[in-house]
Amino acid sequence: MAKSKSNKVAGMPAGAPPRVELRRIVIAGKEYPCRITMGAMLRFKRAIGHDVSKLDSGKIEELLTFVHCCIASA
């Protein structure tokens, strides 16, 4: 099992899970926050009709829809 990164943020208890850095995506020179959330997965399911776990990486429409959902929900 991989060793997790330590939290060096003041106020974080020892043994707490590491903080996830907010990812950003740049589109046409504008920066947007992007993270996978439960809301993003729900948006995807409503838009496509099936769960994210069944996402087909060979279908570009599904991938772009999931990225859109992650940006919209961030």
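Data block above holds the structure.
Throughout, residues of each chain are indexed from 1 in the direction in which the sequence is written. Under the rules for a predicted model, residues below a pLDDT of 70 receive no local features and side-chain atom pairs below 80 are neither given nor counted, while totals for whole chains, interfaces and linings still include all residues. The basis for the side-chain values is all heavy atoms of the structure; hydrogens and waters are excluded.

**Some thoughts on helix H2 (residues 60–73)**
Consideration 1: Labels follow the DSSP assignment, with helices taken as runs of H or I lasting at least four residues and strands as runs of E lasting at least two, numbered in each case from the N terminus. A helix is expected to span 1.5 Å for every residue after the first. Taking 1.5 Å of rise per residue, the 14 residues of H2 would be expected to cover 20 Å, and the 20 Å separating its terminal C-alpha atoms lies within 8% of that figure.
Consideration 2: For H2, the complete set of buried residues consists of Glu62, Thr65, Phe66, Cys69, Cys70 and Ile71.
Consideration 3: Close packing links the buried residues of H2 with strand S1 (23–27), strand S2 (30–34) and helix H1 (38–48). Here the term buried applies to any residue with accessible area under 20% of the maximum for its type, exposed to any over 50%, and partly exposed to those in between, with areas from a 1.4 Å probe on protein chains only. The contact criterion used is simple: two residues touch if any of their non-hydrogen atoms lie within 4.5 Å.

**So, the pattern of salt bridges**
Consideration 1: Put simply, a salt bridge is a Lys or Arg side-chain nitrogen that is within 4 Å of an Asp or Glu carboxyl oxygen. Overall, the coordinates contain 1 salt bridge when judged by the stated rule.
Consideration 2: The salt bridge involving glutamate 31 is made with arginine 24; its shortest N-O contact spans 3.5 Å.

**Points about the packing of aromatic side chains**
Consideration 1: Note on aromatic contacts: the rings of Phe and Tyr and the six-membered ring of Trp form a pair at centre separations within 6.5 Å, being stacked when their planes are under 30 degrees apart, edge-to-face when over 60 apart, and tilted otherwise. Within the structure shown, the criterion is met by 1 aromatic pair.
Consideration 2: Judged by centre distance (5.7 Å) and plane angle (85°), the ring pair of phenylalanine 44 and phenylalanine 66 falls under edge-to-face. Highlighted residues: phenylalanine 44 in helix H1 and phenylalanine 66 in helix H2, separated in sequence by 22 residues.
Consideration 3: Look at phenylalanine 66 and you get buried, because its relative accessible area is 14%.

**With respect to the nonpolar core**
Consideration 1: With 8 residues, the main nonpolar core is built from Cys34, Ala40, Phe44, Val52, Phe66, Cys69, Cys70 and Ile71.
Consideration 2: Among the secondary structure elements, those contributing two or more residues to this core are H1 and H2.
Consideration 3: Aside from chain neighbours lying at most four places away, what touches cysteine 34 is Leu22, Arg23, Arg24, Ile25, Cys70, Ile71 and Ala74. Think of a nonpolar core as a cluster: buried Ala, Val, Leu, Ile, Met, Phe, Trp, Tyr and Cys residues, connected wherever their side-chain atoms sit within 4.5 Å.

Everything listed here is a matter of geometry and, on its own, says nothing about what the molecule does.
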